[in-house]
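Okay, here's what each chain looks like letter by letter:
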Amino acid sequence: LVHEKIYHLLKDNYDEILKLSDSLTKTQAILAEKDYYTEKLPLKDFYSALTAMVKGMKPIAGIKNQKIVMGDFPRELASKSIIASPENLKLVFDELLTNAIKYSEDGDTIYILFSHDKTDLGIRILNPAYKNSDGTIGITEGNAHKIFEPFFRLTNVVDDRFMQETFRFGLGLTVVNKIIDLHKGSISFYTTDNSMRKDTNTKDVCVWVRFPIL
């Protein structure tokens, strides 16, 4: 006979080990990929898929009573395409949006904005920036490149309400960076002045993802 508390402790730890193993396996497989993606994805289909994903994240955003607001997609890009792996793009935006939700506060709004020039589609995800344990706010120049390193965390606090993440333990942005590189795209994080919210004295964390337009 095993005491119920001991049983649940062992079970929870075993479940965590399984999740870690699964996360590490998926991470290793993606990081080992060397060939750039070649499949074409119409941008109108990409926008539709992203819209569906945002709707599907309502339960996660609802944990802290947050909402995600998407900007309009540029109509002039309706006939354009990008090279993409739809499955892995879903992993990218699931990770980025979950991070924006996780590191924002109760009632915050997260924005997804689209822009483009002659060569690239730009997608910006904006969420309010808050003070870190070292007194800095949001993403600083000193840690902007570190966030893509395996196991790097801006905070050591783990929120048990977001345990459904595919890539946990500080691996998510490492995988995101690799996937975007395989799209011949780029990603950057920075802190910027708020231009979307009522309080003009606040800052936003912005993740800017860019993909070449075909």
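Above: the structure in question.
Reading the values: rules and limits
Residues numbered from 1 in each chain as written. Predicted model: local features only at pLDDT ≥ 70, side-chain atom pairs only at ≥ 80, totals over all residues. Heavy atoms only, no water. Salt bridge = Lys/Arg side-chain N within 4 Å of Asp/Glu carboxyl O. Helix = DSSP H or I, 4+ residues; strand = E, 2+ residues; numbered from the N terminus. Buried < 20%, exposed > 50% of the residue type's maximum accessible area, 1.4 Å probe, protein only. Contact = heavy atoms within 4.5 Å. Expected span 1.5 Å × (residues − 1). Arc of directions from axis to C-beta. Pairing = 2+ DSSP bridges. Axes fitted to C-alpha atoms, helices over the stretch in contact; angles between N-to-C directions.

S.K.: Can you lay out the pattern of salt bridges for me, pointing to particular residues and giving the numbers?
M.R.: By the definition in use, this model includes 1 salt bridge. A salt bridge links aspartate 193 to lysine 203, with the nearest nitrogen and oxygen atoms 2.4 Å apart. Taken as a pair, aspartate 193 in strand S6 (residues 186-193) and lysine 203 in strand S7 (residues 203-212) lie far apart in primary sequence, 10 residues in all. Since its relative accessible area comes to 33%, lysine 203 is described here as partly exposed.

S.K.: Please provide a residue-by-residue account of the environment of glutamate 33, values included.
M.R.: Note that glutamate 33 resides in the loop between helix H1 (4-31) and strand S1 (40-42). Since its relative accessible area comes to 26%, glutamate 33 is described here as partly exposed. Not counting chain neighbours up to four residues away, the residues in contact with glutamate 33 comprise Asn88, Lys178 and Leu182.

S.K.: So, unusual backbone geometry: which residues are in play, and what are the values?
M.R.: Its identity as a non-glycine residue notwithstanding, asparagine 65 has a phi of 55 degrees, on the positive side. Mapping asparagine 65 onto the fold places it in the loop between helix H3 (58-61) and strand S2 (67-70). Classification of asparagine 65 by relative accessible area gives exposed; the value is 62%. Backbone geometry at lysine 184 places phi at a positive 60 degrees, although glycine is not the residue there. Note on placement: lysine 184 falls in the loop between helix H5 (172-182) and S6.

S.K.: Give me the lowdown on helix H2 (residues 43-56), citing residues and values where you can.
M.R.: Taking 1.5 Å of rise per residue, 14 residues should cover 20 Å, and H2 covers 20 Å from first to last C-alpha, within 8% of that figure. Listing the buried residues of H2 in full gives Leu43, Phe46, Leu50, Met53 and Val54. All buried residues of H2 fall inside an arc of 100 degrees around its axis, so they share one side. Exposed residues lying more than 90 degrees from the buried face of H2 are Lys44, Lys55 and Gly56.

S.K.: I'd like a description of the sheet that holds strand S4 (residues 109-116), backed by residues and values.
M.R.: In space, the 5 strands of this open sheet follow the order S2-S4-S5-S7-S6, with mixed pairing throughout. The open sheet has two edge strands with one neighbour each: S2 and S6. For this sheet, the mean inter-axis angle between neighbouring strands, taken without regard to orientation, is 20 degrees. Two strands pair when backbone bridges link them, and S6 and S7 are joined in this way by 8 bridges, in the antiparallel orientation. Residue pairing in the sheet places aspartate 193 in a bridge with lysine 203 of S7. Strands in contact with helix H4 (residues 86-102) are S2, S4, strand S5 (120-128), S6 and S7; relative to S5, the strand with the most contacts, it is inclined by about 25 degrees.

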